[in-house]
Amino acid sequence: MNGTVITEAGMGEEWGISESALALLRTLDANYKSNPDFEEGLILHGCGAILMSGCPISIHWSVQHNGDEVFLSDFVKFTSTSLTEGKIEYPDIRVSVKKTVYEQEILQFAKQAKALFESSKAKKIGDEYDQEMYADFWKEYDQLLQKHTTD
């Protein structure tokens, strides 16, 4: 963002790609306030016990829709399970992007994540509760992807 690398391939970090894609898809329709003490992030590690919950290793930022623009700010990254150790804040990063560009980037990422997931080995899902959560996750993912895909 604005010349600052927050994460990229080769940094030795592991991120939950499909979980992060769903979190980002949700921001296409709604604002998101970076609030690491009470909210899951937008880029998630996936170390939680269940989908999208319980792991503080994440990257957060605020997403504010304003007409044809989307404003991104309040970037913070957590590199450990401690909310104090490994916390990196980026207070000077503020980005304004056209809503169409923002949407295209998120949709491209979500489609790539889904393709990667679909081409990987079959998943073994635990009990009935986990299977239901898994099904609900992909149902929401597919609904948001379809809602915003025009091609």
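Here is what the cut-offs are and how they apply
Residues numbered from 1 in each chain as written. Predicted model: local features only at pLDDT ≥ 70, side-chain atom pairs only at ≥ 80, totals over all residues. Heavy atoms only, no water. Helix = DSSP H or I, 4+ residues; strand = E, 2+ residues; numbered from the N terminus. Rg over C-alpha atoms; globule rule 2.2 N^0.38 Å. Areas by Shrake-Rupley, 256 points an atom, 1.4 Å probe, with all protein chains shown as cover. Lys, Arg positive; Asp, Glu negative; His and termini not counted. Charge placed at Lys NZ, Arg CZ, Asp CG, Glu CD. Contact = heavy atoms within 4.5 Å. Buried < 20%, exposed > 50% of the residue type's maximum accessible area, 1.4 Å probe, protein only. Polar contact = N/O pair within 3.5 Å; in protein donor to acceptor, adjacent residues only side chain to side chain. Patch = residues over 30% accessible without salt bridge, like charges linked within 9 Å, V, L, I, M, F, W, Y side chains within 5 Å. Salt bridge = Lys/Arg side-chain N within 4 Å of Asp/Glu carboxyl O.

1. Section: the overall build of the protein chain
And step 1. Along the backbone of the protein chain there are three helices and five strands.
And step 2. In the protein chain, the succession of α and β elements from N to C terminus is α-β-β-β-β-β-α-α.
And step 3. Radius of gyration (C-alpha) of the protein chain: 16 Å, near the 15 Å computed for a compact globule of 151 residues.
And step 4. When the backbone C-alpha atoms are referred to their principal axes, the protein chain occupies close to 45 × 40 × 30 Å.
And step 5. Surface exposure of the protein chain reaches about 9,300 Å², of which carbon and sulfur atoms provide 51%.
And step 6. On the protein chain, the mean spot of the 14 positive side-chain charges and the mean spot of the 25 negative ones are 3 Å from each other.

2. Section: the environment of Ala113
And step 1. Here Ala113 lies in helix 2 (residues 99-119).
And step 2. Each C-alpha atom, one on Ala113 and one on Ser20, is 9.1 Å from the other, the two residues being 93 residues apart in sequence.
And step 3. Once residues lying within four places of it in the same chain are set aside, the contact partners of Ala113 are Ile17, Ser18, Ala21 and Tyr141.

3. Some thoughts on the side chain of Lys77
And step 1. Note on placement: Lys77 falls in strand 3 (residues 69-78).
And step 2. Residue class for Lys77 comes out buried when judged on its relative accessible area of 2%.
And step 3. Side-chain polar atoms of Lys77 contact the backbone oxygen of Ile6, separated by 2.5 Å.
And step 4. With residues up to four places along the chain from it excluded, the contact list for Lys77 reads Ile6, Thr7, Met11, Glu13, Trp15, Ser58, Ile59, Gly86, Lys87, Ile88 and Tyr90.

4. A word on the environment of Ala23
And step 1. Positionally, Ala23 belongs in helix 1 (residues 17-26).
And step 2. Separated by 64 residues in sequence, Ala23 and Lys87 place their C-alpha atoms 20 Å apart.

5. Observations concerning a negative patch on the surface
And step 1. Together, Asp127, Glu128, Glu132 and Asp136 line one region of the surface with negative charge.
And step 2. For Glu132, the position within the fold is in helix 3 (residues 128-148).

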